[in-house]
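Listed below, chain by chain, are the residues.
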2 protein chains.
Amino acid sequence: VKGNNPAHHAQIISIGHELLRGEITDTNAAYLARELRSRGVIVSSIHTLPDDRDSAARLIGSVLIRRGIIILTGGLGGTRDDVTRTILSRVLDRDLVVDGEGEEKLREWYRSRGRSFEEPDRMQAAAPSGGRLLRNEVGLAFGFYIHDGQRHIFSLPGVPEEMKSMFQNSVSPILDSADLTYPMYHYEYLNFMDISEYTLDRGIEKIVAGYGGVTYGTRSNSGMIRVRLETNGGLRELQKCLDAIERRFTESFIYRGEPRFEEVVGDLLRDKKRTLAAAESCTGGLLSGLLTDVPGSSDYFLGGVVSYSNDAKTALLGVSNETLTRFGAVSRETALEMAEGVLQRFSSDTALSVTGIAGPGGGSPEKPVGTVFMCLAARDGTRVNRRNEFLGDRATVRLRSANKAMGMLFNYLREC
Amino acid sequence: VKGNNPAHHAQIISIGHELLRGEITDTNAAYLARELRSRGVIVSSIHTLPDDRDSAARLIGSVLIRRGIIILTGGLGGTRDDVTRTILSRVLDRDLVVDGEGEEKLREWYRSRGRSFEEPDRMQAAAPSGGRLLRNEVGLAFGFYIHDGQRHIFSLPGVPEEMKSMFQNSVSPILDSADLTYPMYHYEYLNFMDISEYTLDRGIEKIVAGYGGVTYGTRSNSGMIRVRLETNGGLRELQKCLDAIERRFTESFIYRGEPRFEEVVGDLLRDKKRTLAAAESCTGGLLSGLLTDVPGSSDYFLGGVVSYSNDAKTALLGVSNETLTRFGAVSRETALEMAEGVLQRFSSDTALSVTGIAGPGGGSPEKPVGTVFMCLAARDGTRVNRRNEFLGDRATVRLRSANKAMGMLFNYLREC
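Being a predicted model, the structure only gives us computed values, none of them experimental. (Residues numbered from 1 in each chain as written. Chains lettered and ligands numbered in written order. Predicted model: local features only at pLDDT ≥ 70, side-chain atom pairs only at ≥ 80, totals over all residues. Heavy atoms only, no water.)

Draft legend 1. Representation of the side chain of A:Thr218 in the model. By the element assignment, A:Thr218 lies in strand β10 (residues 214-221). Here A:Thr218 falls in the buried class, since its relative accessible area comes to 6%. A distance of 2.8 Å separates the side chain of A:Thr218 from the side chain of A:Glu197, its partner in a polar contact. With residues up to four places along the chain from it excluded, the contact list for A:Thr218 reads A:Glu197, A:Asp201, A:Ile225, A:Arg226, A:Val227 and B:Glu18. (Helix = DSSP H or I, 4+ residues; strand = E, 2+ residues; numbered from the N terminus. Buried < 20%, exposed > 50% of the residue type's maximum accessible area, 1.4 Å probe, protein only. Polar contact = N/O pair within 3.5 Å; in protein donor to acceptor, adjacent residues only side chain to side chain. Contact = heavy atoms within 4.5 Å.)

Right, dumping it as structure tokens:
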């Protein structure tokens, strides 16, 4: 009965030398993995193989799964890179057959462009016997599909737009009609801050154990932890489990779902009808850059000052010379005056400031690299001020600082 | 004899369920492929495997090459995700041995944070017998190295910063001392701007044909085109070829080498003893953020103003109300006053401004999305002003604008 099948396994194989040279990252594999997963298919492995016939054929022979879905990308063009058809024909021991209708379409294309049509060009309409061609709505080379024993094999182009279009228009309908997707699969994201991945992981592990079929994974990125929960059972169990986790970690839980944190903070600013300005030293524009990367951010973000030098802190933000001399540019006091200064100059409802030592230079025994002060200023006199010692390289310290500053604003707005 | 070995083959294996679910793209594999390639090592395959012990062990067993370099990333943490040690111990049939010194370091770390130290935590200092631990300068878990028959196996953490640091500090020296790199291999990057990738590619193809053994690839990114040229032959042929390409494309050639453009611009500012300030509207801090992502940028970057609202343009940069009313915020005139205003307020030698429509909203028939004005102001009265219609999504338009603004500064500084 459709809808009651167990989850199927899938394997993704990318073919191409650019990937093996590290010239490009394999976004095709990530796209396919995400699309398959959202249909309840479990991706069990991803392989990147060279596009020379002999070694690719040998490697494919050794990795190919015996049953399930196999999706190959790349190596379908009419150039010397066209190897996937040949390799699969060898590995599956099936002759390559040129599809008459497909060949005619290719001929037309070449004719209309005044190009000569030769033998290698014909092969773009070939598939191992028993296979069927998949239309390419974006480019030239056809893909193909073969049902071989317990395997469903799809060969798609390597160009991302062609691959995506063929997946959506051809592969996805075949997966559905062959009952290879799994509609009982559901997932959701929970996002946390101010908690160690270790503590969160231990706590969630215990809670999840009480909900059959729910599994999870955590991922930490510059101060934020994203937890993905998924189930092959009902949506209700998943919802109950999500609620239980949120209740257990009220302090550190921030929001549900996939959006980036800057989008969530932006939505909250819009909902609460508050405007924001930012004064940045060590983040040097990164915080403003993140906030304005969100379409429509001009609704609530008025602007900011990047006060990298002390003179700029004084002239543009009104930080007093005495404060800078007595406490230093990286201090609680300077952070406070920066936030108050930018709040006043932009006449905003809220303001964030960040000053710290992002490294690798500039640290001292009292204020090592990773020392960052962040301040939130608001019209109602609320002042929050936090100190953290962030680990990581320059880029990580800066991103953690920006995230943490947004976290302070988020917590403030949530309660006002 | 060292230095005369043939090129070695390598295999990269990434372990982690996030990759198989498409939650993240595998930037680790691309990084390692690039680093290995630059040492003359040929990456013959990349595999992404799940982090559950049984299926990963089975898969690794089937793909592992018999000789050469094998680098695994991921699955080394102290959580239940810590599977790589166990799997390799099984596959290589070697017991896991905890390193005493390593364990002591871990204990200290846990003690200093008041956490209890338990059995799974100890395993972060374990390696299959005969292996040796690799220090983690950024995070906690150790990596390890085993020389097993004709295989050199390295296991590194999955967190990119930890992986990169361990590769540079530990793996690279081992590869060198074991004579696994290939000194006849050389490569260089050439960076271009203001030219189409198509035109550049056609031109370089012809030039390269005249230099035996030299191959190349181009990559376009937000207005910049990077060309990688490589050879397995002598350095002299490569140098001659590089010179010929630079001569042919004098107008659009910017610089040689791998550094990011913001580093090159920063070095030039330092060399020429000039300071810089920035006034940003549509880039919203991105330009300042890029410039300050470079260590030591406080030597030349004084700061900036993110003037997202019209009020901010007037109050903080002195853009006149008349200019804003008559020409609009996105105009040549506003860009000019923004640059002059920020130059004056920061007392900098040079200043850049950007104002435009990054999209997706805000476009009009006269000023469609992608319309951006950039201005360079300098003490000697030089004013440059350019208009571009950038294609792409919001993030791309913003990055192209920032790159183009830096390009204007670069061309100015190069000639002064």
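Draft legend 2. Representation of the side chain of B:Thr334 in the model. Residues and elements named next belong to chain B. With respect to the helices and strands, Thr 334 occurs in helix α14 (residues 332-346). Given the relative accessible area of 0%, Thr 334 is considered buried. Residues contacting Thr 334, with those up to four places away along its chain left out, are Lys 313, Val 319, Thr 323, Leu 324, Gly 328 and Ala 329.

Draft legend 3. Fine view of the interface of chain B and chain A. Opposite the 64 residues of chain B that make contact, chain A presents 67 residues. Taking both partners together, chain B and chain A bury about 5,100 Å²; carbon and sulfur atoms supply 56% of that area. On the surface where chain B and chain A come into contact, there are 4 salt bridges. Note that B:Arg398 is salt-bridged to A:Asp293, the shortest N-O span being 3.5 Å. (Buried area = accessible area lost by both parts, 1.4 Å probe. Salt bridge = Lys/Arg side-chain N within 4 Å of Asp/Glu carboxyl O.)

Draft legend 4. Looking closely at the sheet that holds strand β9 (residues 186-193) of chain A. Residues and elements named next belong to chain A. Overall, antiparallel pairing links the 4 strands, which are arranged β10-β11-β9-β12 in an open sheet. Edge positions in the open sheet fall to β10 and β12 (253-256), since each of these has one partner strand only. Strand-to-strand twist in this sheet, taken as the mean axis angle between neighbours without regard to direction, amounts to 25 degrees. Examined bridge by bridge, β9 and β12 share 3 bridges and lie antiparallel to one another. Residue Phe 192 lies in a different strand from β12, and its bridge partner there is Phe 253. Lying on the sheet, helix α9 (residues 235-248) is in contact with β9, β10, β11 (224-231) and β12; it crosses β9 at an angle near 5 degrees. (Pairing = 2+ DSSP bridges. Axes fitted to C-alpha atoms, helices over the stretch in contact; angles between N-to-C directions.)

Draft legend 5. Seen up close, the packing of helix α12 (residues 310-317) of chain A against helix α14 (residues 332-346) of chain A. Residues and elements named next belong to chain A. The geometry of α12 relative to α14 is characterised by a closest axis approach of 9 Å and an angle of 40 degrees between their N-to-C directions. One finds that α12 runs oblique with respect to α14. Crossing handedness for the pair α12 and α14: left-handed. Facing α12, whose interface residues are Lys 313, Leu 316 and Leu 317, α14 presents Thr 334, Glu 337, Met 338, Gly 341, Val 342 and Arg 345. Of the residues assigned to the contact of α12 with α14, the class counts are 4 nonpolar, 2 polar and 3 charged. (Parallel < 35°, antiparallel > 145°, perpendicular 65-115°, else oblique. Left-handed = near helix turned anticlockwise from the far one by under 90°. Nonpolar A, V, L, I, M, F, W, Y, C, P; charged D, E, K, R; others polar.)

Draft legend 6. Representation of the sheet that holds strand β9 (residues 186-193) of chain B in the model. Residue and element names in this part refer to chain B. Spatial strand order, β10-β11-β9-β12: 4 strands in an open sheet with antiparallel pairing. The open sheet has two free edges, formed respectively by β10 (214-221) and β12 (253-256), since each of these has just one partner strand. Strand after strand, the sheet turns through a mean of 20 degrees between neighbouring axes, direction not considered. Along the sheet face, helix α8 (residues 197-208) touches β9, β10 and β11 (224-231) and points at about 170 degrees away from the line of β10.

Draft legend 7. Broad picture of the packing of aromatic side chains. All names here are of chain A. All told, the structure shown has 22 aromatic pairs over all chains when counted by the stated rule. Here Phe 192 and Phe 253 contribute two aromatic rings whose centre-to-centre distance is 5.7 Å and whose plane-to-plane angle is 70 degrees, an arrangement assigned as edge-to-face. In this pair, Phe 192 is assigned in strand β9 and Phe 253 in strand β12, connecting sequence segments 61 residues apart. By relative accessible area, which is 0% here, Phe 192 ends up buried. The class for Phe 253 is buried, based on a relative accessible area of 13%. Aromatic rings pair up to connect Trp 109, Tyr 110 and Phe 117 into one cluster. The lysine or arginine in question, Arg 226, covers the ring of Tyr 189, its NZ or CZ lying 5.2 Å from the ring centre. When the ring centre of Tyr 187 is taken as origin, the NZ or CZ atom of Arg 228, which lies over that ring, is 4.3 Å away. (Phe/Tyr/Trp six-rings, centres within 6.5 Å; stacked < 30°, edge-to-face > 60°. Lys NZ or Arg CZ within 6 Å of the ring centre and 35° of its normal.)

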